[in-house]
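Residues per chain, in single letters:
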Amino acid sequence: KLLTEAGPAYIKIGQAVSIRPDILPKPYTQELATLQDRVQAFDSAEARRILEADMECGSLSEVFADAGTAFAEPVAAASLGQVYRA
């Protein structure tokens, strides 16, 4: 949890170290391995604001017909982003 709160760069470091049993004991590498595919998603409302700003649109519903449901919850989350159904 500490690395996920520290930000994407620290998550990446944790991911890299998680595959190095020659550096850390197995219990540590197993816990760090969760950073590879089980990172907590961030707030969908924040993701919508970021997308709307990047796409320079007033609302995602101007671009996506099903924006209300497609961006409700992420399908997956990773260290540098998350995936939505749209």
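Residues numbered from 1 in each chain as written. Predicted model: local features only at pLDDT ≥ 70, side-chain atom pairs only at ≥ 80, totals over all residues. Heavy atoms only, no water.

Visitor: Explanation requested: the overall build of the chain in the structure shown.
Guide: A count of helices and strands for the chain gives five helices and two strands. Reading the chain from its N end, one meets helices and strands in the order α-α-α-α-α-β-β. Since a compact globule built from 86 residues should have a radius of gyration of about 12 Å, the 16 Å found for the chain marks it as more spread out than a globular shape. Judged by the C-alpha coordinates and their principal axes, the chain covers about 50 × 20 × 15 Å. (Helix = DSSP H or I, 4+ residues; strand = E, 2+ residues; numbered from the N terminus. Rg over C-alpha atoms; globule rule 2.2 N^0.38 Å.)

Visitor: Can you help me understand the packing of helix 2 (residues 8–18) against helix 3 (residues 26–37) in this one?
Guide: Packing of helix 2 against helix 3 leaves a shortest axis separation of 8 Å and a crossing angle of 125°. With respect to their mutual orientation, helix 2 and helix 3 come out oblique. Considering only the axes of helix 2 and helix 3, their crossing is left-handed. Judged by residue contacts, I11, G14, Q15, V17 and S18 of helix 2 engage T29, L32, A33, L35 and Q36 from helix 3. Broken down by class, the residue content of the contact of helix 2 with helix 3 amounts to five nonpolar, five polar and no charged. (Axes fitted to C-alpha atoms, helices over the stretch in contact; angles between N-to-C directions. Parallel < 35°, antiparallel > 145°, perpendicular 65-115°, else oblique. Left-handed = near helix turned anticlockwise from the far one by under 90°. Contact = heavy atoms within 4.5 Å. Nonpolar A, V, L, I, M, F, W, Y, C, P; charged D, E, K, R; others polar.)

Visitor: Even after reading the chapter, I still don't get helix 3, so can you show me in this structure?
Guide: Side chains of residues three or four places apart in an α-helix project in the same direction, reflecting 3.6 residues per turn. When helix 3 is considered as a whole, its buried residues turn out to be T29, L32 and L35. Down the axis of helix 3, the smallest arc covering the buried residues is 90°, so these residues share one side. Seen from the buried face of helix 3, the exposed residues on the opposite side, beyond 90 degrees, are K26, P27, E31 and D37. Elements in contact with the buried residues of helix 3: helix 1 (2–6) and helix 2. (Buried < 20%, exposed > 50% of the residue type's maximum accessible area, 1.4 Å probe, protein only. Arc of directions from axis to C-beta.)

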